[in-house]
Amino acid sequence: MTKALVTALLLLAPAWAFNVRPGRALSRPRDFVKVESAPTIKLTGAPVAKAGGMAGGTAARWAKSTKQVATVGPASNTLEMLEKLFMAGVDVFRLNFSHGDHEEKAGLVKLIRELEQRHGRAIGILADLQGPKHRVGNFPDGEKVNLVKGQTYRFDLDKETLGNDKRVSLPHPDVMAALRVGDRVLLDDGKLVVVVREKQEGHDSGNPADTYVEVEVMNDAAISSRKGFNLPDTMVESSPLTPKDRQDLEFIVTSGLEVDWIALSFVQTASDMKEMRDLADEHSAASGRGAKCRHKFMAKLEKPSAVTTELERIVDVCDGIMVARGDLGVEMVVESVPVTQKRIISMCHLYGKPVIVATQMLESMIESPSPTRAEVSDVATAVFDGADAVMLSAESAAGKYPIEAVTTQQKIITNVESDSSYREQLQRRNRLLSRTFSTTDAITEAAGKVATQVRAKAIVVFTLGGTTVSRASRSRHSVPVFAATSVPATARSLSLNWGVDSILLQDTDFEQDDFDELLEKALVGLRAKGVLKDPSDLVVVTAGFPFGVPGAVNNLRVLSNAGAKSWDESLVHGH
C-alpha cells in the first residue's frame, strides 16, 4: 500500500516553470505569544517581552509556511547577526557539532534564547552530531600521489607507515572488515573512484599491513593525507555513534542544553535511531531529568541503504528527517538524487514527520551576493515538493553574505507559496493522503474542511508533545494552524513544521484546568496575534482527551471570538 501511494505522490510533481503569478501569500502570523493574566510575558525568567503584535520584519517573512534552517558559524555567531538572520526568515538555528566545543555551543544557545525573549517567539535549535568521518592515513608532508586509471593500489591497516604510490593506510578496522570484492570506494568527494578486487585477512600474523584490500583505480586522480572516503556499496556493522558523538549526546542531555532537535549523521538502519534514543533516555534518567529524553530525534539520510530498503522503517521510528544531499549525492548516481528527494518527502508526509531539504541550496552565495538560476530553481523545487523546511549550511555559517542568502531563500519560498499551482499541488497530495487516515488524521482533516467551509480564522490544536500538530501539519491546511501548548520545548520543536505557529499557555495544567479556561486562553493568544478581531470570528479546535496520550485526537469544536461559552444565534444560520 505504502509503495503504491508514494509512487502516486511522486507523480504529482510536474516540471512547472518557475512562473510567479500575482497573488496573496498564505497569511500566517509568526509571533510566539505566552498567555497570562499580566500584560507582559516572560520566558523562563529571561528579559520581559510585550504580548501582542508581530515581531518586526517584512510581512512576507511572517507569512511563509515553509520554514528556514540556518547553520551558525563564524559568520553568524553574534547576537546582532543571529537577530538579523532571524528577522530575515530563519525559524530554526543549526549547531554543527563537527566544529567548536561544548562551551561555545552553550554560549550560542544562550544567545538564541535571549533573542527568543527579545522577540517573544519560539525559535528552534537543531544540534547536529558529527557522525563517523572515514579518512585514509597520512602521506609524507604535503605529498600528493597521482594514481592512473587501471592501476592497482592497496589499502591496509598499518597506520604507522606513511603512504606512497603503492599503498596507504585505511585506519578503520570496521570498514576493512565490511568491504567486499566488487565494492566501490569513493575518495575526496568522488574525485577518485576505486573498486575492491582482492581482500586479505591477516589478523593471525599480528602485522596490520597483512590485512588489506587491493583496489583497481577507475580514473586518473591524486590522493593525499587524510582524504575522506565514502562507501556506497558497503554496510559497516558498527555503532552509528562515534565516541565524540556519545560525548556530545551526553553533554546535550545531562546539561539540560536547551536544544530541541538532535540529528544523527550517516543513519543506515532504523536500529541506528533506536540506539541513539535509548542512550539519550539512559542519560536523561541518570541525570534526574526523566525516564524519557525530551528531545526530538532526526535522521540524516546520506547512505544509499537508508533511502532504499530502510527508508520507511527509519521514517517510522524518528521524529524528523533531513535529506543531506552532500554525501548522498556522492554515494548515489547524481541523477537519482532529485527523485530520491521527492520519494523521501512523500514518505515523511505519509507518516506526518517534518522533513528538511539541505546542502548546497545557495552554494554560490558563500562568495557571491546573488544566487545562480539553478540554485533558485533548486530551492523552489524543494518547496513545490512539499518540504517542511529548507536549510543553509556554509552559506550562513561561513559565507560572505549570510543575510542575503536567508533573504533570498525567503523570497523564493514566498513566491512559490503565492503561486496558485502550489496550493493545487497540496490539495492533490491531500486527496491521496486521505487513503491512509487514522482516527486522529480523520478528525484533523475534518477540522480543516470545517475551518474552510465556515471561513474560520484559525485551527487550534491542543498538544503537550507536538505529535498531533505534526499530523495536522501534514494536511497542509489553507487555514493557519496554531499549536496551543503549556510546554516551551514543544513550541520550539514545532517551529520546524510547515505552517505551524505556537501559543504558549503559561501557568496552565492541561490535565487539571477546565477545558473552557484553556479555550479562553487560546482565544486571548489569537487576539494578541491579531488573528481574531471581530466577536463573530470563528476558530476550529481539536484536542485529545485525556491529555497526554501522544497522537490522540477525539474532539472537534467550533467557537467564536466572543468566548468559549458564547454562540451567537446568527451563526446557526450561516457565517
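Figured I'd write up the structure that's included with this text. (Residues numbered from 1 in each chain as written. Predicted model: local features only at pLDDT ≥ 70, side-chain atom pairs only at ≥ 80, totals over all residues. Heavy atoms only, no water.)

## Concerning the overall build of the chain
1) Next: Counting its regular elements, the chain contains 19 helices and 24 strands.
2) Next: Across the 575 residues of the chain, 57% fall into the buried class.
3) Next: Intrachain contacts of the chain at a sequence separation of at least 6 include 71% that bridge at least 24 residues.
4) Next: Only carbon and sulfur atoms are counted for the fraction: they give 52% of the accessible area of the chain, which is about 23200 Å². (Helix = DSSP H or I, 4+ residues; strand = E, 2+ residues; numbered from the N terminus. Buried < 20%, exposed > 50% of the residue type's maximum accessible area, 1.4 Å probe, protein only. Contact = heavy atoms within 4.5 Å. Areas by Shrake-Rupley, 256 points an atom, 1.4 Å probe, with all protein chains shown as cover.)

## Focus on the sheet that holds strand β15 (residues 261-264)
1) Next: The eight strands are arranged β4-β5-β6-β15-β16-β17-β18-β19 in a closed barrel whose pairing can be described as parallel. The average undirected angle you get between the axes of adjacent strands in this sheet is 25 degrees.
2) Next: Bridge analysis of strand β5 (residues 92-96) against strand β6 (residues 124-128) gives five bridges, and the strand direction is parallel. Bridging across to β6, Leu95 finds its partner in Ala127.
3) Next: Packed on one face of the sheet, helix α4 (residues 102-119) meets β4 (67-72), β5 and β6 and runs near 175 degrees to β5. (Pairing = 2+ DSSP bridges. Axes fitted to C-alpha atoms, helices over the stretch in contact; angles between N-to-C directions.)

## Some points on the side chain of Arg94
1) Next: Position of Arg94 relative to the elements: it lies in strand β5.
2) Next: A polar atom in the side chain of Arg94 sits 2.8 Å from the side chain of Thr71.
3) Next: Contact partners of Arg94, with chain neighbours within four places excluded, come to Val69, Ala70, Thr71, Val72, Leu126, Asp128, Lys300, Met391 and Ser393. (Polar contact = N/O pair within 3.5 Å; in protein donor to acceptor, adjacent residues only side chain to side chain.)

## Some points on the state of the cysteines
1) Next: A full pass over the atoms with the stated rule returns zero disulfides.
2) Next: Free cysteine: Cys348, not disulfide-bonded; nearest cysteine sulfur from Cys318 at 6.7 Å. (Disulfide = S-S within 2.5 Å.)

## Quick notes on the pairing of strand β10 (residues 184-187)
Put simply, side chains in a regular strand alternate between the two faces of the sheet.
1) Next: Sheet topology note: the β10/strand β11 (residues 192-200) ladder contains four bridges and is antiparallel. From the neighbouring strand, Arg184 faces β11, where its bridge partner is Val195.
2) Next: In textbook terms, the turn of a hairpin is the stretch between consecutive antiparallel strands, and for β10 and β11 this stretch comprises four residues, one of which, Asp188, has a positive phi near 55 degrees.
3) Next: Bridge count for β10 against strand β14 (residues 229-230) is two bridges, and the pairing is antiparallel. From the neighbouring strand, Leu187 faces β14, where its bridge partner is Phe229.

## Examining the packing of helix α3 (residues 79-88) against helix α14 (residues 402-417)
1) Next: Where α3 contacts α14, the axes come no closer than 9 Å and their chain directions differ by 15 degrees. Comparing their axes, α14 and α3 come out roughly parallel. Crossing geometry of α3 relative to α14 is assigned as right-handed. For the pair formed by α3 and α14, the contact residues are Met81, Lys84, Leu85 and Ala88 on the first element and Pro402, Ile403, Val406, Thr407 and Gln410 on the second.
2) Next: Its residues placed into classes, the contact of α3 with α14 shows six nonpolar, two polar and one charged. (Parallel < 35°, antiparallel > 145°, perpendicular 65-115°, else oblique. Left-handed = near helix turned anticlockwise from the far one by under 90°. Nonpolar A, V, L, I, M, F, W, Y, C, P; charged D, E, K, R; others polar.)

## As for the side chain of Thr71
1) Next: Structurally, Thr71 is set in strand β4.
2) Next: Accessibility expressed as a relative area gives 4% for Thr71, which makes it buried.
3) Next: Filtering out sequence-adjacent residues up to four positions away, Thr71 remains in contact with Ser76, Arg94, Asn96, Met391, Leu392, Ser393, Ser396 and Ala397.

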